[in-house]
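# Structural features, examined
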Amino acid sequence: MELSLMDISLKVILGFFLLFFITKILGKTTINQLTPFDFISAIVLSELLGNGIYEERVTLFYIIYTVFLWGILMILMEKILLKYKGFRAFLEGNPSIIIRDGKIDRNQLKKNRMNINQLLSLLRQSEIFSVREVAFAILESNGSISILKKSKYQKVTNKDLQLPEQPTYLSSTLIIDGEILEDNIKALGFNETWLSSQLATNGVNSSEEVLYADWINNDGIYIIPYHK
């Protein structure tokens, strides 16, 4: 026996309002604030509802019961997490300082299964286009990044200081994990001989000693060596 359109419609309408109700109870959490536990819970809840809609043996009562039971478990878990901070840290994880005093912490990157490219992407999303601007960067438990800029890079507008506008240059990454990005160097109009000279000037013998390096036209080269 196949489900009628009326049965499917009733289940969809009921499921819509049940999810809306549970969402209102759980509070206003944005996508950026979702923890791994919240994300998995949302997927499981949607699967429970989705499978129930097209299964003819699942009546409206079972859909109501299943969604409400899962919602109650989520609410209880939220209350437990609020009351017991240690359990919250175990389940959701703790923030990790991935840049400390301007230096990238490779151990924390490995611990959080993150590479330099992913770090640079997160920085760019926060309008940071060079690691040199960062004093501290904290990877939050929800995957977002919080940044404290070095004092000289913190925002003070030219208008505030009554200064003329200066040209803005985009940083170009030269080295990541000891590997030279030849295309970026060529795009700048330089070559590897120039790069070797820049490294030598800064006391670095080889690109293999460099965790990260970039170049900005009005600020020169910035190098982060491997720290053993």
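Refer to the structure above for everything that follows.
Residues numbered from 1 in each chain as written. Predicted model: local features only at pLDDT ≥ 70, side-chain atom pairs only at ≥ 80, totals over all residues. Heavy atoms only, no water.

## Structural notes on the nonpolar core
Judged by nonpolar contacts, the single largest core of 21 residues is most densely connected at Ile104, Leu119, Leu123, Val131 and Tyr212. For this core, the elements supplying multiple residues, two or more each, are strand E1 (96-100), helix H6 (116-125), strand E3 (134-139), strand E7 (210-216) and strand E8 (220-225). In terms of residue count, H6 provides more of this core than any other element does, five residues in total. Those residues within four positions of leucine 123 in sequence are excluded, and the remaining contacts are Ile99, Ile128, Val131, Val134, Ile145 and Ile147. Ranked by size, the runner-up nonpolar core spans 12 residues in total, among them Leu174, Leu195, Val210 and Ala213. (Core = buried A, V, L, I, M, F, W, Y, C linked by side-chain atoms within 4.5 Å. Buried < 20%, exposed > 50% of the residue type's maximum accessible area, 1.4 Å probe, protein only. Helix = DSSP H or I, 4+ residues; strand = E, 2+ residues; numbered from the N terminus. Contact = heavy atoms within 4.5 Å.)

## As for a nonpolar patch on the surface
On the surface, a nonpolar cluster with roughly 730 Å² of combined accessible area is contributed by Phe61, Tyr62, Tyr65, Leu69, Ile72, Leu73 and Leu76. By the secondary structure assignment, tyrosine 62 is in helix H3 (residues 60-83). Overall, the relative accessible area of 47% leaves tyrosine 62 in the partly exposed class. (Patch = residues over 30% accessible without salt bridge, like charges linked within 9 Å, V, L, I, M, F, W, Y side chains within 5 Å. Areas by Shrake-Rupley, 256 points an atom, 1.4 Å probe, with all protein chains shown as cover. Salt bridge = Lys/Arg side-chain N within 4 Å of Asp/Glu carboxyl O.)

## Quick word on the side chain of serine 172
Along the polypeptide, serine 172 turns up in strand E5 (residues 172-176). The contacts of serine 172, once residues within four sequence positions are left out, are Leu188, Ala213, Asp214 and Trp215.

## Here we look at H6
Taken as a whole, H6 has its buried residues at Ile116, Leu119, Leu120, Leu122 and Leu123. Buried residues of H6, seen end-on, are gathered within an arc of 160° and therefore sit on one face of the element. Once H6 ends, the next one or two residues include glutamate 127, with phi positive near 65°. (Arc of directions from axis to C-beta.)

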